[in-house]
Amino acid sequence: MHSLIRYSLAATAVLSMAGGVSARPSAPREGQLGQQNRIERPAAVGGGGGGGAEAKVANAKALYFLTNDEDNAIAAIELGDNGLVTGKGATYQTGGKGANGIDGATNEKAAPDALFSQSALTVAGKHIFAVNAGSNTLSMFAIDPNNPLALQKVGEDIQLPGEFPNTVAASEKNGLVCVGMTGQKAGVACADFSAEGGLGQADGLREFQLNQTTPPVGPTNTVSQVFWSADESQLLATVKGDPEKGNNGFFSAYAQQQQEGGNQADQAKAGKFRVSQEEIRSTPGGTAVLFGSVAIPGTQDVLATDASFGVAILNEKQQQKQYAAAARLELPNQKATCWATISPLTNTAFVTDVGRNMLIEVGYNANANGNGNGEGGEQGELSLLNEIDLSSIGGPDLGLIDLRAAGEFVYALSPGAGTGEEAAINVIHAGTKQFVQNARLTGVGAGKNSMGMAVYV
Ligand SMILES: *[C@@H]1O[C@H](CO)[C@@H](O)[C@H](O)[C@H]1NC(C)=O
């Protein structure tokens with residue numbers, strides 16, 4: 001079924017890191033990835049006409065993930081015009097350290113899913129932000145739009161007021177970046193940022209009493225993800241419970257606040273936005289281990305995974321400002337459904353399960369009755385559309401973790417089966433549902449600790 005295509009790469013461009021404001025420039029490494037790629041091309045890739053009703057969407061130019069090793073680095077991977085991994089890449093040391101949580105079942109270092117999170121790094125505009133879980137810091141880089149493989153460190157890493165940062169959300173519109181931390185001191189903190197000045201100081205920790213250690217023992221009872229609502233008016237966080245201890249976890253919302261008059265762009269530039277210290281906490285009924293989530297475009301609703309059953313839609317109740325589960329979808333044979341993305345091509349969600357070599361497509365209707373601000377528990381709809389089995393590819397790719405949909409494709413990170421093999425990127429066409437590429441990142445130096453997934457479109 002799948003043909004094995006091996007190719008060696010011509011020397012990749014040496015990316016210059018000269019100049020810049022960084023006092024501690026990170027060392028780029030030449031990429032030599034993709035030396036063992038298995039590719040199957042679908043008939044419809046790149047063809048606007050083949051899909052019929054599907055609108056043309058711009059493909060991403062590069063993707064990024066964190067190696068999350070002791071010497072933490074961002075891996076930048078080039079994507080061709082056809083949306084596939086080209087085989088060109090580079091890595092950039094953040095200057096900080098990665099880390100592993102402790103797997104509560106084995107007492108060993110957790111991997112894959114070393115950080116128990118979605119969004120260990122994120123792109124906002126032309127900037128990329130990455131957590132250093134082992135040094136409690138946040139790093140910022142600039143992306144060169146003409147060569148998105150070229151990253152340049154912006155300013156200094158900032159120290160965070162908690163421990164074990166494992167997830168980050170950035171808003172260009174607000175000029176704010178927020179980090180979730182899940183060690184002994186757990187919670188959320190934010191900082192402003194600008195292209196010129198880099199990261200400002202982190203504000204005060206919005207604390208979560210998880211009674212965790214550093215590193216945390218998980219994956220239960222840890223912070224899963226921070227992310228912005230679709231209109232970027234709220235910072236949201238998912239926190240896993242521990243069903244064995246009768247702890248159902250929670251969902252937190254913090255309002256974005258404006259400090260003075262003026263238009264949003266000027267205010268963002270002047271660092272005049274902040275995130276409220278006031279937490280609005282919900283425990284949506286029927287959820288227990290809320291994990292990776294995605295804001296549903298054009299709504300205030302969230303499509304959330306829950307490792308204990310599958311997928312839920314969370315929406316804000318009209319009066320109380322709290323969030324409730326408006327729909328639940330139990331996925332058959334699921335082990336731990338933990339990461340989610342929404343495809344701009346299909347307007348459907350794709351979710352992954354670290355215990356299964358499968359991509360699941362889920363249809364959603366956030367406002368089934370035409371009103372997204374109902375009481376919750378009745379207005380959303382979810383449906384299981386497709387189970388895309390990737391196991392025929394074989395290899396060290398058991399279990400997919402963080403993923404992003406961009407253009408026609410879905411890109412899912414597979415950090416290896418925990419036996420030390422290199423990480424791989426799995427590329428699936430969102431429209432045809434075909435598994436089009438399994439790119440083994442043999443020259444990147446990224447293994448089972450790898451986390452996060454972000455794209456530059
Ligand atoms: C943490 O400890 C406090 C005080 O004993 C307790 O109230 C709280 O429920 C604990 N939290 C968790 C998540 O176990």
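Above: the structure in question.
Residues numbered from 1 in each chain as written. Predicted model: local features only at pLDDT ≥ 70, side-chain atom pairs only at ≥ 80, totals over all residues.

1. A closer look at the overall build of the chain
When its secondary structure is counted, the chain shows one helix and 36 strands. Split into buried and exposed, the 457 residues of the chain put 58% on the buried side. Put simply, 62% of the contacts in the chain that link residues at least 6 apart link residues at least 24 apart. (Helix = DSSP H or I, 4+ residues; strand = E, 2+ residues; numbered from the N terminus. Buried ≥ 20, exposed ≤ 12 C-beta atoms within 10 Å, placed from the backbone. Contact = placed C-beta atoms within 7 Å.)

2. Here's the deal with the site of the ligand
Around the ligand lies a shell formed by Gln209, Leu210, Asn211, Asn221 and Asn247. Split by residue class, the shell around the ligand holds one nonpolar, four polar and no charged. (Near = placed C-beta within 6 Å. Nonpolar A, V, L, I, M, F, W, Y, C, P; charged D, E, K, R; others polar.)

3. Some details on the sheet that holds strand β27 (residues 323-330)
Strands in a sheet are paired, the pairing made by backbone hydrogen bonds, and the direction either parallel or antiparallel. Taken in spatial order, the four strands of this open sheet run β24-β25-β26-β27, and their pairing is antiparallel. Taken across any chain shown, the strands that pair with only one partner, and hence form the sheet edges, are β24 (290-295) and β27. In this sheet, adjacent strand axes meet at a mean angle of 25 degrees when their direction is disregarded. Here strand β26 (residues 310-316) pairs with β27 via seven bridges, running antiparallel. In the strand pairing of β27, Gly310 is matched with Glu330. (Pairing = 2+ DSSP bridges. Axes fitted to C-alpha atoms, helices over the stretch in contact; angles between N-to-C directions.)

4. With respect to the nonpolar core
Where a protein is soluble and globular, its nonpolar side chains tend to be buried together. Leu63, Tyr64, Ile74, Leu121, Ile128, Cys178 and Leu303 are the most contacted members of the largest nonpolar core, which totals 138 residues. Excluding residues within four positions of it along the chain, Cys178 makes contact with Ala169, Val188, Ala189, Cys190, Val226, Leu235 and Val275. (Core = buried A, V, L, I, M, F, W, Y, C linked by C-beta atoms within 7 Å.)

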